[in-house]
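# Remarks on the overall topology
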Amino acid sequence: REFIVWDTAQVYPEYAIIYERHRPADSSSGSQTEGESVEERSYAASLLSWIVGLEGTGSGVPPYWLNADRRAGSSFHDIVPAEGFRPAIQELMNSTWEQKWTRDRKDSRGEKIAPGDPHGDMPIGVNVLKVWRVEDSGMWEAYTETRRRIRDSRGGCASAMM
């Protein structure tokens, strides 16, 4: 997916995802999600409580990060495998997939898919292969500072729970 952001500090790209596209001839639909593990439910609960402000002050890194126990001010950049989170990402991809032709979409040979998809090359979904969590103290600090600045500039606006 592609997102355009004018100020990179306005977002934090917490997950890096490697996926493959499914075409009609593929035998698998990409919906290989299974039930949540205890680890995933614990992670989700930790993430949710942190987001709504029940844990921490918002000034440090998220409590579920492997680097969460590092002393304040230390710098780090790690890519952490998050395989247990793959089913949730797969479900997100499945539930938001749109079957839509675009002029720059390419077929399996790297050629542009012609309007109307005469050769049946249009992807019908994706299969998430790998998920990594990005833990970067510098990017996180810039993001939280920008988030605080935006919140302060809005003056008294309560944050909404998603």
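Residues numbered from 1 in each chain as written. Predicted model: local features only at pLDDT ≥ 70, side-chain atom pairs only at ≥ 80, totals over all residues. Heavy atoms only, no water.

## What about the overall build of the chain?
Check the secondary structure of the chain and you find 3 helices and 3 strands. Beginning at the N terminus, the succession of helices and strands in the chain can be written as β-α-β-α-β-α. Per-residue burial over the chain gives 28% buried out of 162 residues. Sequence separation of at least 24 residues holds for 76% of the intrachain contacts in the chain that already meet a minimum separation of 6. Within the structure as shown, the chain displays about 11,200 Å² of accessible surface, and the carbon and sulfur contribution to it stands at 54%. (Helix = DSSP H or I, 4+ residues; strand = E, 2+ residues; numbered from the N terminus. Buried < 20%, exposed > 50% of the residue type's maximum accessible area, 1.4 Å probe, protein only. Contact = heavy atoms within 4.5 Å. Areas by Shrake-Rupley, 256 points an atom, 1.4 Å probe, with all protein chains shown as cover.)

## Looking at the side chain of Asp-121
Along the polypeptide, Asp-121 turns up in the loop between helix H2 (86–96) and strand E3 (125–136). With a relative accessible area of 10%, Asp-121 lands in the buried category. With residues up to four places along the chain from it excluded, the contact list for Asp-121 reads Arg-23, Asp-107, Ser-108, Arg-109 and Ile-113.

## Digging into the confidence of the model for the chain
Of the residues in the chain, 72% reach a pLDDT of 70 or more, and the chain-wide mean stands at 76. Considering only residues more than four positions removed or in separate chains, one finds that residues 27–36, a stretch of pLDDT under 50, has 17 contacts. (pLDDT = per-residue confidence, 0-100.)

## Notes on the environment of Glu-83
Locating Glu-83 in the fold gives a position in the loop between strand E2 (77–81) and H2. Glu-83 gets classed as partly exposed once you look at its relative accessible area, which sits at 42%. Here the alpha-carbon distance between Glu-83 and Leu-129, two residues 46 residues apart in the chain, equals 9.1 Å. A distance of 2.9 Å separates polar atoms of two side chains, one belonging to Glu-83 and the other to Arg-86. (Polar contact = N/O pair within 3.5 Å; in protein donor to acceptor, adjacent residues only side chain to side chain.)

## Side note on the pairing of E3
A large share of E3 lies buried, amounting to 9 of its 12 residues. Bridge analysis of strand E1 (residues 15–22) against E3 gives 8 bridges, and the strand direction is antiparallel. Paired with Tyr-15 across the two strands is Arg-133, which belongs to E3. Alignment of E2 against E3, held across 5 bridges, turns out to be antiparallel. When the sheet's bridge partners are listed, His-77 is paired in E3 with Asp-136. (Pairing = 2+ DSSP bridges.)

## Regarding the side chain of Asn-67
With respect to the helices, strands and loops of the structure, Asn-67 is situated in the loop between helix H1 (38–51) and E2. A distance of 2.7 Å separates polar atoms of two side chains, one belonging to Asn-67 and the other to Glu-135.

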